[in-house]
Structures are given as C-alpha cells and as structure tokens.
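# Fold and geometry: a report
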Amino acid sequence: MSEQARVLVAGASGFTGALAAELVWRHPRMELVAATSRSDAGRRLGELYPRYRAEVELSELDLDAPPAVDAAIVAYPHGAAAPTVAALRERGVVVADLSADFRLREMQTYERWYGEHGAPQLFGGAVYGLAELYREELRAAKLVAVPGCYPTASVLALAPLAEKGLLTDVVVSAMQGASGYGRSSDDLVHFSAMTENAFPYKTEGHRHRPEIEQELAALGSAAPVAFVPHLLPLDQGELASCFAQLAEPLERDAVQALYRERYAGEPFVRLLDGPPNLRAVRETNECHVYVTVEERGRVLAFAAIDNIWKGASSQAIQCLNLMLGFEETEGLR
C-alpha cells in the first residue's frame, strides 16, 4: 500500500458513519475522498455533528460512477449494505462493512434474523472484524464484517475461556447508551422516556445472540447463550456483564492468569483489577475487561467499550489499518 489510502465512507449521516468519516479525516495515512448520504446530501458533516471537524460536504453515492478509492467503510443498515458492498467489491475496493450483512456464517440464520440477503454471492466470504481473534486473516482480507457492539464486548469478555473449551452455559446482561439505537424517532429513545430511566428490550431474542454464539463456538465452546440488552440514559458506552458456567472448576487466580496470558500485548484490551466503568472508555478504541469467580464457581466477566467507537467505527479503522498494511494502532491513539 502507498503512503496514503483513499477512503470512502458510505452512509456518513448516521452516528457510526459520521464518526467513521471523522476518524478517516484525521487519520495520518488515510484521505477522506468522499462521505455520502442520501437524506443529507449537500450538507456539511460539521453541520450535522458540530463536534466533528472533518471538512467534507455529504454527497449522494452513485454506484455507476463511484469515486476512485482504495477502501470504503459502509455504514448502512442491514439489507441496504449488501448491494453497495457488492458493487464496491466488483471495482476492487477493500471494504469494512458496519452492518450485519456479512457477520453470520449460515444463510439460514441470517434469513431468520434479518430477512433476504442482498448479495448472496458474497455471503460467507468476509472475515469477522475482531482483530483480537482474527488479526492474521484481516491482513489478507478484502471484505470485513465489523462485529456488532454487543458481540464485541461479550466475546472479548469470554474469549479466553471459550478458546479452552471451558464454557458450558452463558448469560449476558448487556447495557448501552441510546446512541446504540441509532438516529431514530422511536419513542423508546425519546428524552422523556430515557432520562432517569433504564430498561431491557428484545427480551425474547436479540439478533446479536446468534453472532455471540457463533464466535464462541468458533473459538471452541458451543455454549448456549441467554442474552438480554438494556438501554441506559447515556449518550455512548456499553457494559457487558457475563455469567459463565465452566466445564471444570477453576480458581480465581487461574482464571485471571488465563486472561493475562491471552491478552498480553493486545493494544486495545486492558485488563483491570476491578470492575470497569463506561466513562473510562469513552471515545477510545479500548475494551476494559475484569474477570473473577464467585464463591459457587461461576465466572463473572465484564467488558466495557464505547459502543460507537470500539463497537463500530474505530474498530472499522482498526480493521482497515490491518487490511491496508498500516500499523494496527495508527489513527487510534
């Protein structure tokens, strides 16, 4: 790769797309060639999000004549993303997709949770974009499925145990700020509903559950997962509290040693001596993890991330760094 990579961000008017455009704009080795939006074309990114400094006017993406770029971040909803990804890949563009369209490995599972797929010819061909698990695969990838925010935190909280085949049953209680719900007029995230309030949602089944189960099984633990998300009266931030039964009992010191060994040298995973908090990870690409064992032997593993940073946009930059041959941490510290 040359010194500078030309990058497109498609869908830059949503929370994750706008942040991705900002991160590309300030990246030392990426040039933000275009940031696109159908609904807000003609407006400047700083008009929509005054805290961002990217000097770019949003334009509508023409897939018949797309800008000449080396890489793209696609920040469309599931379903809408796949055809755009396919069109970009046909032109040889390296793509990091923020939607769920390429995260799952079984079409039947995708169709159950998301409906008909928009580019079945590409399904199953993406690398799952969790660098802590798939770093070497990402270096050779042309299409990356950036994980969902809940799976990012949950899988990083449990990966050291899953890799040893130790998980037999998992419960995840995960909480995030309202930005995880997207730019929505839904009354669920209206200020009057959210302020001084907190509540679970999709309690009978959330579509991130099969993604979590898929990745834990790929690591070596095909354990059933009960997953319940909650909304908190926050802008950004996510905490996954994971409660795991093990195939064999382990003492607290042994579990913590396992985590220290697994995450030694990871640039964006920080092991803590006590429970994490959301303020500490705000606007970073870090995941803060704490693990312990309660008196009856159940492992308690906690992971905190910023849901639109490590849970989406900055994780896409981490993936692109690897895909483009840059230092993994470039533009993220």
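Provided above is the structure to which this section pertains.
Residues numbered from 1 in each chain as written. Predicted model: local features only at pLDDT ≥ 70, side-chain atom pairs only at ≥ 80, totals over all residues. Heavy atoms only, no water.

Close contact between helix H5 (residues 131-139) and helix H10 (residues 309-323) brings their axes to 9 Å; oriented N to C, the two are set at 35°. Taken as a pair, H5 and H10 cross one another with a handedness that is right-handed. The segment H5 lies against H10, with Ala 131, Glu 132, Arg 135, Leu 138 and Arg 139 engaging Lys 310, Gln 315, Gln 318, Cys 319, Leu 322 and Met 323. In the contact of H5 with H10, the residues fall into five nonpolar, two polar and four charged. (Axes fitted to C-alpha atoms, helices over the stretch in contact; angles between N-to-C directions. Helix = DSSP H or I, 4+ residues; strand = E, 2+ residues; numbered from the N terminus. Left-handed = near helix turned anticlockwise from the far one by under 90°. Contact = heavy atoms within 4.5 Å. Nonpolar A, V, L, I, M, F, W, Y, C, P; charged D, E, K, R; others polar.)

In this section: the pattern of salt bridges. A side chain of one charge can pair with a side chain of the opposite charge when the charged atoms of the two come close. Tallying each qualifying case throughout the model produces 16 salt bridges. Between Asp 40 and Arg 43 there is a salt bridge whose closest N-O contact spans 3.1 Å. On the basis of relative accessibility, which here comes to 8%, the residue Asp 40 falls in the buried class. Two residues, Glu 136 and Arg 139, come together in a salt bridge whose shortest N-O distance is 3.2 Å. You can see Glu 136 and its partner Arg 139 sitting in helix H5, three residues apart, about one turn around the helix. Several salt bridges share partner residues, and in doing so they unite Arg 135, Glu 163, Arg 262, Glu 266 and Glu 328 into one network. (Salt bridge = Lys/Arg side-chain N within 4 Å of Asp/Glu carboxyl O. Buried < 20%, exposed > 50% of the residue type's maximum accessible area, 1.4 Å probe, protein only.)

Ile 73, Leu 161, Leu 167 and Leu 320 are the most contacted members of the largest nonpolar core, which has 91 residues in total. A total of nine residues in this core trace back to one element, the largest contributor, which is helix H6 (residues 149-163). If near-sequence neighbours (up to four positions away) are discounted, Leu 320 is found in contact with Met 30, Ala 71, Ile 73, Val 94 and Ala 96. Within the second largest apolar cluster, 19 residues are counted, among which are Val 74, Ala 82, Leu 88 and Ala 126. (Core = buried A, V, L, I, M, F, W, Y, C linked by side-chain atoms within 4.5 Å.)

Moving on to the sheet that holds strand S13 (residues 299-305). What the seven strands build is an open sheet, ordered S8-S9-S7-S10-S13-S12-S11; its pairing is mixed. Pairing within the sheet leaves two strands with one partner each, and these edge strands are strand S8 (199-200) and strand S11 (269-271). On the sheet, helix H8 (residues 209-219) packs against strand S7 (167-176) and strand S9 (225-231) and is oriented at approximately 135° with respect to S9. (Pairing = 2+ DSSP bridges.)

Quick look at the packing of aromatic side chains now. Each aromatic ring pair is characterised by the separation of its centres together with the angle its planes make. Considering all chains together, one arrives at eight aromatic pairs under this definition. Residues Phe 15 and Tyr 49 carry aromatic rings whose centres are separated by 6.3 Å and whose planes lie at 70° to one another, so their mutual orientation is edge-to-face. Here Tyr 49 lies in the loop between helix H2 (45-48) and strand S3 (71-74) and Phe 15 lies in helix H1 (residues 15-26), a separation of 34 residues in the sequence. With a centroid separation of 5.2 Å and an interplanar angle of 70°, the aromatic rings of Tyr 150 and Phe 227 are classed as edge-to-face. Within this pair, whereas Tyr 150 is found in helix H6, its partner Phe 227 is found in strand S9, the two being separated by 77 residues in sequence. A relative accessible area of 4% places Phe 227 in the buried class. An aromatic cluster of at least three residues, connected via ring pairs, comprises Phe 15, Tyr 49 and Tyr 52. Above the ring of Phe 268, the side-chain terminus of Arg 333 is found at 5.2 Å from the ring centroid. (Phe/Tyr/Trp six-rings, centres within 6.5 Å; stacked < 30°, edge-to-face > 60°. Lys NZ or Arg CZ within 6 Å of the ring centre and 35° of its normal.)

With that settled, consider helix H3 (residues 81-90). The buried count for H3 comes to seven of 10 residues, which makes it a mostly enclosed element. Residues of H3 that are buried: Ala 81, Ala 82, Thr 84, Val 85, Ala 86, Ala 87 and Leu 88. On its buried face, H3 is in contact with strand S1 (5-10), S3, strand S4 (94-97) and strand S6 (143-145). One or two positions beyond H3, positive phi appears at Gly 92, with a value near 80°.

This paragraph deals with the pairing of strand S12 (residues 287-293). Consecutive side chains along a regular strand alternate between the two faces of the sheet. Of all the seven residues making up S12, seven are buried; the element is thus mostly covered by neighbouring parts of the structure. Residues of S12 alternate between two faces, with Cys 287, Val 289, Val 291 and Val 293 on one and His 288, Tyr 290 and Thr 292 on the opposite face, all of them buried. Where S11 lies against S12, three bridges are found, and the strand directions are parallel. Note on S12: the bridge partner recorded for Arg 270 is His 288. Counting the residues in the hairpin turn of S12 and S13 gives five residues, including Gly 297, whose phi is positive at 100°.

Considering the arrangement of structural elements, one finds Ser 154 in helix H6. The residues contacting Ser 154, other than those within four sequence positions of it, are Val 172, Ile 212, Phe 227, Ala 240 and Cys 242.

Per the counting criterion, the structure on display carries zero disulfides. Cysteine Cys 149 shares no disulfide, and the gap to the nearest cysteine sulfur, in Cys 287, comes to 12 Å. For Cys 149, a relative accessible area of 11% corresponds to the buried category. Among the cysteines around Cys 287, which has no disulfide bond, Cys 242 carries the closest sulfur, lying 9.7 Å off. (Disulfide = S-S within 2.5 Å.)

Moving on to the sheet that holds S6. Strand pairing in a sheet is mediated by backbone hydrogen bonds. Such pairs are either parallel or antiparallel. Spatial ordering of the open sheet is given by S2-S1-S3-S4-S6-S5, a layout of six strands whose pairing is parallel. Each having just a single partner strand, strand S2 (30-36) and strand S5 (127-128) make up the two edges of the open sheet. In this structure, S5 lies alongside S6, joined through two bridges in parallel fashion. The partner of Val 127 across the bridge, within S6, is Val 144. On top of the sheet, H3 reaches S1, S3, S4 and S6; it is set at about 165° to S4, its chief contact.

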